[in-house]
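# A look at the structure
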Amino acid sequence: MTKVITYGTFDLFHEGHYRLLQRAKALGDYLIVGVTTEAYDKARGKLNVVDSLVTRIENVKKTGFADEIIIEESPGQKVNDIRKFHIDLFVIGSDWTGVFDYLKDYCDVVYLERTKNISSTMLREQNSPIQRIGIIGTGRIAARFIPEARLVSGISTQGVYNPHTKSAEAFAQRWEINVYPDLEDFYEAVDAVYIASPHETHYGYIRDALAHGKHVLCEKPMVLKQKQAEELFTYAKEKGLILFEGIKTAYCPGFHKLLGIACSGTIGCIRNVEACFTKLEAQGSRELTDTMYGGSFTELGSYVALPILKIFGREFDELRFDTIHDGNGLDLFTKASFLFPAGIATATCGLGVKSEGRLLVAGTKGYIVAEAPWWKTSYFEVHYEKAEAVEKYSETFLGDGLRYEISDFLALINGSSSSEFKLTRGESVALAGIMERFLQEEGRLGE
Ligand code: CTP
């Protein structure tokens, strides 16, 4: 009996998939089909898969060609499957020619000609037309956005706007995108806007972009006043548009795994969360010279407050800020201490004091620790009373990680609400409330 194996995502099942399975089956007596998990697809950079694993398996099953369906969940799995199932022949489409030659040590490898003019990517694009995104702002984070957005299918970076025309032109030239000196022309040319301008300008740009009927992805902190966040979310809802705060940690797969484990009862009832993020900034940088909106908390506060809100919720009883200032009155180091009904938490951040940046979640049975850069979570450990009982978890974090939030933003635009829970509107509003309270206590907000 000849045993054949093939693998794929089989998203939006199409004729190309059908023909591949048909030919694979014809090459032997028994066909095993490996269908990838969502997590594995995400880890290998395939971010916009539409159908759930169950749907994709059902579709493969319906063809009647598969004698057995297995799940593919990690990169090294193929060799093990080939050995385990005593496979004679590995089959895959010609888009992979050469890639799986290493399997020839274990079985025969055949690349079948791909069916022309059809692919899941094509169907995804037809179902949801490409979203043209325009960038407002040309700083460091805006520059990081472009290469990340290029990795998300279904979105294209259309152009840039910055009232400082010279910066806009240089940015556009560097990234080979359009520059729009006029804001109206800019809105005309895009479907969605990414706002990466200085914090205090976010509110105005968000309102304006929504008024022009554009979806908005805005860098954190989205706004600096709770009422503004509430108003903007209501306005976006009225207009049927997506408003999305870009805190990359909230969308990164490792952070999700950590939250899932933290809230699963493994470490008992959570009683303490400590999050710390410090990044020494050069003297003269915007963060250390903008006495109104610079400083450590406006810069890093969203990251450190995020795990606290995700774990304890939005209803804290007390919040206190302890701050070390520089000569200009800017906060070089800030510790926000929260009291919740069931636990306590501290959010610590610094631009002028270096500390060990870690995330610690302590419960009645054990604790979770993720070392810096935990805000790009790729590894964490779970510890218990018995020091030797350590559980280790790792998760892929690709590039700068913005691809995850861009892909979730796109999914929301395209009508999937499955990632809405990652950073809820209520959490964004609460974060704006915390920022407001900090700035008020610092005497930096007017009436
Ligand atoms: N396949 C094929 N002909 C096509 C599309 C896919 O023969 N037109 C084959 C692939 O080569 C692979 C299998 O079908 O062996 C599963 O492919 P998958 O990656 O799930 O499908 P694609 O349509 O290529 O998906 P995407 O556009 O997301 O890369």
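Residues numbered from 1 in each chain as written. Predicted model: local features only at pLDDT ≥ 70, side-chain atom pairs only at ≥ 80, totals over all residues. Heavy atoms only, no water.

### A look at the environment of Tyr205
As a reminder of what qualifies: A run of H or I in DSSP counts as a helix once it spans at least four residues, and a run of E counts as a strand once it spans at least two, with each numbered from the N terminus. In what follows, a contact means two residues having at least one pair of non-hydrogen atoms within 4.5 Å.
Within the secondary structure, Tyr205 sits in helix α9 (residues 202–211). For the pair formed by Tyr205 and Cys218, sequence separation is 13 residues and the distance between their alpha carbons is 9.4 Å. Beyond its immediate stretch of four places on either side in the chain, Tyr205 contacts Ile136, Tyr161, Pro163, Leu183, Tyr187, Ile195 and Ser197.

### As for unusual backbone geometry
Residue Pro221 is reached from Lys220 by a cis peptide bond, and omega for that bond is -15°. Within the fold, Pro221 resides in the loop between β10 (215–219) and α10 (226–239). In this structure, Pro373 follows Ala372 across a cis peptide bond, with omega equal to -5°. By the element assignment, Pro373 lies in the loop between β17 (366–371) and β18 (379–384). Phi is positive for Leu12, close to 45°, though the residue is something other than glycine.

### Side note on the site of the ligand
As a reminder of what qualifies: Whether a residue is near a molecule or strand depends on its heavy atoms: if one lies within 4 Å, it is near. N or O atoms closer than or at 3.5 Å make up a polar contact, with two conditions inside protein: a donor-capable atom paired with an acceptor-capable one, and, for residues adjacent in sequence, both atoms drawn from side chains. Only Asp, Glu, Lys and Arg are considered charged in this grouping, and only Ala, Val, Leu, Ile, Met, Phe, Trp, Tyr, Cys and Pro are considered nonpolar; every other residue, Gly among them, is considered polar.
Around the ligand sit 18 residues in total, of which Asp95, Thr115, Ile118, Ser120 and Thr121 are the nearest. Within the backbone of Thr9, a nitrogen or oxygen atom sits 3.0 Å from an oxygen atom of the ligand. Within the side chain of Arg114, an N or O atom sits 3.0 Å from an oxygen atom of the ligand. Contributing elements (two or more residues each) for the shell around the ligand: α1 (15–26), β4 (89–93) and α5 (120–127). Looking at the shell around the ligand residue by residue, the class counts come to 4 nonpolar, 10 polar and 4 charged.

### Side note on the environment of Arg207
Summarising the element assignment, Arg207 is placed in helix α9. For the pair Arg207 and Ser407, spaced 200 residues apart in sequence, the C-alpha to C-alpha distance is 23 Å. Those residues in contact with Arg207 that lie beyond four places of it in its chain are Glu231, Leu232 and Tyr235.

### Some words on a negative patch on the surface
Rules: Two joining distances apply to patches: 9 Å for like charges and 5 Å for nonpolar side chains (Val, Leu, Ile, Met, Phe, Trp, Tyr), and every residue must have over 30% relative accessible area and no salt bridge. The Shrake-Rupley method, run with a 1.4 Å probe, gives the accessible areas here. Residue values count only the displayed protein chains as cover. In what follows, salt bridge is the name for a side-chain nitrogen of Lys or Arg lying within 4 Å of a carboxyl oxygen of Asp or Glu. Only four residue types enter the tally: Lys and Arg on the positive side, Asp and Glu on the negative side; His and the chain ends are excluded. For this purpose, a charge sits on NZ of Lys, CZ of Arg, CG of Asp or CD of Glu.
On the surface, Asp182, Glu184, Asp185 and Glu188 cluster together to form a negatively charged patch. Topologically, Asp185 is positioned in helix α8 (residues 183–189).

### A closer look at the pattern of salt bridges
Under the convention used in this document: Buried, partly exposed and exposed residues are distinguished by accessible area as a fraction of the type maximum, computed with a 1.4 Å probe on protein chains only: under 20%, between the cut-offs, and over 50%, respectively.
A full pass over the atoms with the stated rule returns 26 salt bridges. Taking the shortest distance from any N to any O, the salt bridge between Asp41 and Arg56 comes out at 4.0 Å. Of this pair, Asp41 sits in helix α2 (residues 38–43) while Arg56 is found in helix α3 (residues 53–63), placing the two residues 15 residues apart along the sequence. The same class applies to Asp41 and to Arg56, which are both buried.

That is the geometry; function is a separate question.
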